[in-house]
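Analysis of the macromolecular model
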Amino acid sequence: MSKYIKISFRSIIVILICLCTIHSSSAGNKCSIPVLVYHRIGYNSNALTVTPERLFLDLTKLKQNGYETISLKTFEEYLLGKEIQMPAKPILITFDDSYQDNYNYAFPILKQNNCIATFFVITGFIDKYSDRLTAQQIKEMYTSGMNFGSHTVSHAALSEESQDLVWNELFYSKQTLEKTLGIEIDAIAYPAGCYNSETIRIATGLGYSRGFTVRPGICKQEDPPFVIPRIPIFSYTKDVLDAIDNIQM
Ligand SMILES: [Zn+2]
């Protein structure tokens with residue numbers, strides 16, 4: 001009996017050392033993080049719409065292949081080089097345009113699969129258009145662990161607009177989400193991927209710390225903070241795992 005206890009103790013210590021080694025190496029490595037971007041979830045022929053069944057299948061495949069969704073905060077801390085708990089294969093899932101179907105379809109499917117996602121909201125559409133997220137829905141999703149960022153006030157193509165308009169789009173969208181959720185909002189997804197150095201300068205001055213593009217790629221720790229690449233998932237994307245692997249090539 002005492003021998004059994006001795007072996008068990010030794011085994012436990014070995015396991016603990018292994019776990020610590022795995023954890024510190026995954027936190028210390030400069031691993032890459034795929035950032036997926038979805039738009040609409042539903043049943044229409046738009047290339048930006050994927051069916052709920054397809055989203056469910058994507059999440060299942062990601063989980064089966066070891067991917068674990070991370071929060072926006074974890075993603076940001078990792079990029080800042082902080083020593084944090086990171087899964088072996090982290091992935092950030094994002095949704096742009098704040099369609100109502102994100103609440104109706106994506107939100108329950110994400111919860112069912114114990115996944116987290118980040119939703120970039122067009123704040124001028126909140127409680128204004130019936131096909132977009134309401135303030136109440138945004139609050140409920142946040143309470144359930146979902147994360148939020150700005151997608152501007154009116155979905156303006158920021159690189160095409162005047163400095164004043166860009167300032168307004170970035171300032172008021174941040175302010176609306178901060179008032180709605182009572183937290184700091186520091187991430188922006190550029191509508192249609194349109195941004196330039198002026199956009200980044202204004203966003204930095206307003207307290208943003210991350211900018212998400214639609215430039216295809218896998219995010220690396222050394223990437224510039226306002227030029228984060230993403231992997232778009234369209235209705236015609238055949239396989240989410242292939243989409244990630246092909247972009248890495
Ligand atoms: Zn958009």
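It should be noted that the structure appears before, not after, this text.
Here's what I pulled together on the structure shown here. (Residues numbered from 1 in each chain as written. Predicted model: local features only at pLDDT ≥ 70, side-chain atom pairs only at ≥ 80, totals over all residues. Heavy atoms only, no water.)

1. Side note on the overall build of the protein chain
- Counting its regular elements, the protein chain contains 8 helices and 10 strands.
- Burial statistics for the protein chain: of 249 residues in total, 49% are counted as buried.
- Long-range contacts, defined as pairs at least 24 residues apart, comprise 67% of the intrachain contacts of the protein chain with a sequence gap of at least 6.
- Summed over its atoms, the accessible surface of the protein chain is roughly 12,200 Å², and 56% of this surface lies on carbon and sulfur atoms. (Helix = DSSP H or I, 4+ residues; strand = E, 2+ residues; numbered from the N terminus. Buried < 20%, exposed > 50% of the residue type's maximum accessible area, 1.4 Å probe, protein only. Contact = heavy atoms within 4.5 Å. Areas by Shrake-Rupley, 256 points an atom, 1.4 Å probe, with all protein chains shown as cover.)

2. A word on the environment of Val-37
- In this fold, Val-37 is placed in strand β1 (residues 35–38).
- Between the C-alpha atoms of Val-37 and Asp-96, which are 59 residues apart in sequence, the distance is 7.0 Å.
- Apart from the residues within four sequence positions on either side, Val-37 is in contact with Thr-94, Asp-96, Arg-230, Ile-231, Pro-232 and Ile-233.

3. A closer look at the coordination of the zinc ion
- Note on the zinc ion: its protein donors are Asp-97 (OD), His-151 (NE2) and His-155 (NE2). The metal-donor distances range over 2.0 to 2.1 Å.
- Coordination of the zinc ion draws on donor residues from a single chain, spaced D-x53-H-x3-H in sequence.
- His-151 gets classed as buried once you look at its relative accessible area, which sits at 1%.
- Classification of His-155 as partly exposed rests on a relative accessible area of 30%. (Donors = N, O, S within 2.8 Å, 3.2 Å for Na, K, Ca; no water.)

4. Comments concerning unusual backbone geometry
- Even without being a glycine, Asp-97 presents a positive backbone phi close to 90°.
- Counting through the fold element by element, Asp-97 comes out in the loop between β5 (89–96) and α4 (100–112).
- The exposure class assigned to Asp-97 is buried, which follows from its relative accessible area of 10%.
- Positioned with a positive phi, Asp-127 is a non-glycine residue whose angle comes to about 55°.

5. Regarding the packing of α4 against helix α5 (residues 135–143)
- Their axes nearest at 10 Å, the elements α4 and α5 cross at an angle of 35°. Regarding α4 and α5, the two cross each other, and that crossing is left-handed. Contacts from Gln-100, Asn-102, Tyr-103 and Phe-107 in α4 reach Gln-137, Glu-140 and Met-141 in α5.
- Here the contact of α4 with α5 is built from residues that sort into 3 nonpolar, 3 polar and 1 charged. (Axes fitted to C-alpha atoms, helices over the stretch in contact; angles between N-to-C directions. Left-handed = near helix turned anticlockwise from the far one by under 90°. Nonpolar A, V, L, I, M, F, W, Y, C, P; charged D, E, K, R; others polar.)

6. Section: the environment of Phe-95
- Among the structural elements, Phe-95 can be located in strand β5.
- On the basis of relative accessibility, which here comes to 0%, the residue Phe-95 falls in the buried class.
- Separated by 25 residues in the primary sequence, Phe-95 and Phe-120 have C-alpha atoms spaced 6.1 Å apart.
- Not counting the four nearest positions on each side in its chain, Phe-95 is found in contact with Tyr-38, His-39, Ile-41, Leu-55, Asn-102, Ala-106, Leu-110, Ala-117, Thr-118, Phe-119 and Phe-120.

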